[in-house]
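# Residue-level structural notes
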Amino acid sequence: MSKTSGSANGADSAAHRTRTSAGKVVASATEAMEGLRDGMRILAGGFGLCGNAEHCIAEIARRGARELTIISNNCGNQGQGLAVLLQRGQVKHVVCSFIGGNPDLAAALDAGTVTAELCPQGTFAERLRAGGAGIGGFFTPTGVGTVVAEGKEVREISGRLQVLELPLRGDIAIVRAAVGDPDGNLRFHRTARAFNPLVAMAADLTIAEVDQLVGRGELDPDDVHLPGIFVHRLFEAALHANPIEHRTVRTRGGTP
């Protein structure tokens, strides 16, 4: 009994050392966001309010960095998520694919306090991927003949007009994962995966908040959605608001 107990304690201690000794693991969002400055380009993962790095967003708001460029699918929704930064006047420019559901961004655009670049969602994803892969640009037929193509090179390729799109990169990326290990390997939860891996690969500094931090080797390689080479800092944040954008309910028995 004594030998078994000692072995278990030793394993617990080893797991604790594994979690705390790695240079990427920090205590909280406060420590993770060190170096945030005015004027930075922030890449943010998530889709709507799903997969948002809630603690990182709150820390950006607390620090009060201003003149930020936010590169995200929709820059928050219904006054939540990244929309908090819009409400606090910390944002000067947004690159996104969707504004609907974000009255704060619409109001800021109308007031002229924020500028925005709208990008078709598939093109947005590919521009992020190009930024992470080091690709100088790509041609796509999406947006030809619309305001999306204004000021951009258009050429005919394989009989179709296509517009040149340039990669997207940022100074800092903030992502949220379901599980992470001390080396920064991450696994996302279903839809929360969305743009998180893409933004993580396209930033100079990637910060991840994880619902659960496990020991080295506990995350199966086949379950890794984002290799740790792309993650520079991570911290465990078990509690999140996880707001539901549109709650739909029905009475018992199926009657609307």
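Rules of the game
- Residues numbered from 1 in each chain as written.
- Predicted model: local features only at pLDDT ≥ 70, side-chain atom pairs only at ≥ 80, totals over all residues.
- Heavy atoms only, no water.
- Salt bridge = Lys/Arg side-chain N within 4 Å of Asp/Glu carboxyl O.
- Buried < 20%, exposed > 50% of the residue type's maximum accessible area, 1.4 Å probe, protein only.
- Helix = DSSP H or I, 4+ residues; strand = E, 2+ residues; numbered from the N terminus.
- Pairing = 2+ DSSP bridges.
- Phe/Tyr/Trp six-rings, centres within 6.5 Å; stacked < 30°, edge-to-face > 60°.
- Core = buried A, V, L, I, M, F, W, Y, C linked by side-chain atoms within 4.5 Å.
- Contact = heavy atoms within 4.5 Å.
- Axes fitted to C-alpha atoms, helices over the stretch in contact; angles between N-to-C directions.
- Expected span 1.5 Å × (residues − 1).
- Arc of directions from axis to C-beta.
- Lys, Arg positive; Asp, Glu negative; His and termini not counted.
- Polar contact = N/O pair within 3.5 Å; in protein donor to acceptor, adjacent residues only side chain to side chain.

## Overview of the pattern of salt bridges
- Summed over all chains, the structure comprises ten salt bridges.
- One salt bridge in this structure joins glutamate 153 and arginine 155, with 2.6 Å as the shortest N-O distance.

## Some remarks on the pairing of strand S10 (residues 203-213)
- Within S10, eight of the eleven residues are buried, which leaves the element mostly enclosed by the surrounding structure.
- Two elements, strand S8 (residues 170-180) and S10, share nine bridges in a ladder whose sense is parallel. Looking at S10, one finds that valine 175 is bridged to alanine 208.
- Looking at chain direction, S10 and strand S11 (residues 233-236) are connected through four bridges and run parallel. If you follow alanine 208 over to S11, its bridge partner there is leucine 234.

## Description of the packing of aromatic side chains
- Inspection of the entire model under this criterion finds two aromatic pairs.
- Arranged with centres 6.3 Å apart and planes meeting at 5 degrees, the rings of phenylalanine 47 and phenylalanine 195 form a pair that is stacked. Residue phenylalanine 47 is found in the loop between strand S1 (41-44) and helix H3 (54-63), and its partner phenylalanine 195 is found in the loop between strand S9 (186-187) and helix H7 (196-201); the two are separated by 148 residues along the sequence.
- Since its relative accessible area comes to 36%, phenylalanine 47 is described here as partly exposed.
- Arranged with centres 5.4 Å apart and planes meeting at 65 degrees, the rings of phenylalanine 124 and phenylalanine 195 form a pair that is edge-to-face. Placement of phenylalanine 124 in helix H6 (residues 121-133) and of phenylalanine 195 in the loop between S9 and H7 is noted, with a sequence separation of 71 residues between them. Across this residue pair, the class does not change: phenylalanine 124 and phenylalanine 195 are buried.

## Describing the nonpolar core
- With 32 residues, the main nonpolar core has Ile42, Ile172 and Ile174 as its most contacted residues.
- In terms of residue count, H3 provides more of this core than any other element does, four residues in total.
- Residues in contact with isoleucine 174, not counting those within four places in the same chain, are Met33, Ile42, Leu43, Ala44, Gly45, Ala53, Cys56, Ile57, Ile60, Asn196, Val199 and Ile207.
- Core analysis: the next-biggest nonpolar cluster, separate from the first, contains 25 residues, Cys119, Leu198, Leu213 and Leu226 among them.

## Details of the environment of alanine 200
- Tracing the backbone through its elements, the reader meets alanine 200 in helix H7.
- Taking relative accessible area as the criterion, alanine 200 reaches 1% and is therefore assigned buried.
- Setting aside residues up to four positions removed in sequence, alanine 200 forms contacts with Ala173, Val175, Thr206, Leu226 and Phe230.

## Side note on the sheet that holds strand S5 (residues 138-140)
- The strand order S5-S7-S6 describes an open sheet built from three strands, whose pairing is antiparallel. Pairing within the sheet leaves two strands with one partner each, and these edge strands are S5 and strand S6 (154-157). Geometrically, the sheet is characterised by an average inter-axis angle of 45 degrees between neighbouring strands, direction not taken into account.
- With four bridges joining them, S6 and strand S7 (residues 160-165) adopt antiparallel strand pairing.

## Concerning H6
- Its 13 residues place the ends of H6 18 Å apart at the C-alpha level, agreeing with the 18 Å of an ideal helix rising 1.5 Å per residue.
- Inspection of H6 places Thr123, Phe124, Arg127, Leu128, Ala130 and Gly131 among the buried residues, and these make up the whole buried set. Summarising the axial view, the buried residues of H6 lie within an arc of 160 degrees, below the 170-degree limit, and thus occupy one face.
- Downstream of H6 by a residue or two, glycine 134 has a phi angle that is positive, lying close to 80 degrees.

## Considerations on the side chain of glutamate 209
- Locating glutamate 209 in the fold gives a position in strand S10.
- In this structure glutamate 209 is buried but unpaired, with arginine 176 as the nearest side chain of opposite charge at 5.1 Å.
- Side-chain polar atoms of glutamate 209 contact the backbone nitrogen of glutamate 54, separated by 3.2 Å.
- From its side chain, glutamate 209 meets the backbone nitrogen of cysteine 56 in a polar contact 2.9 Å long.

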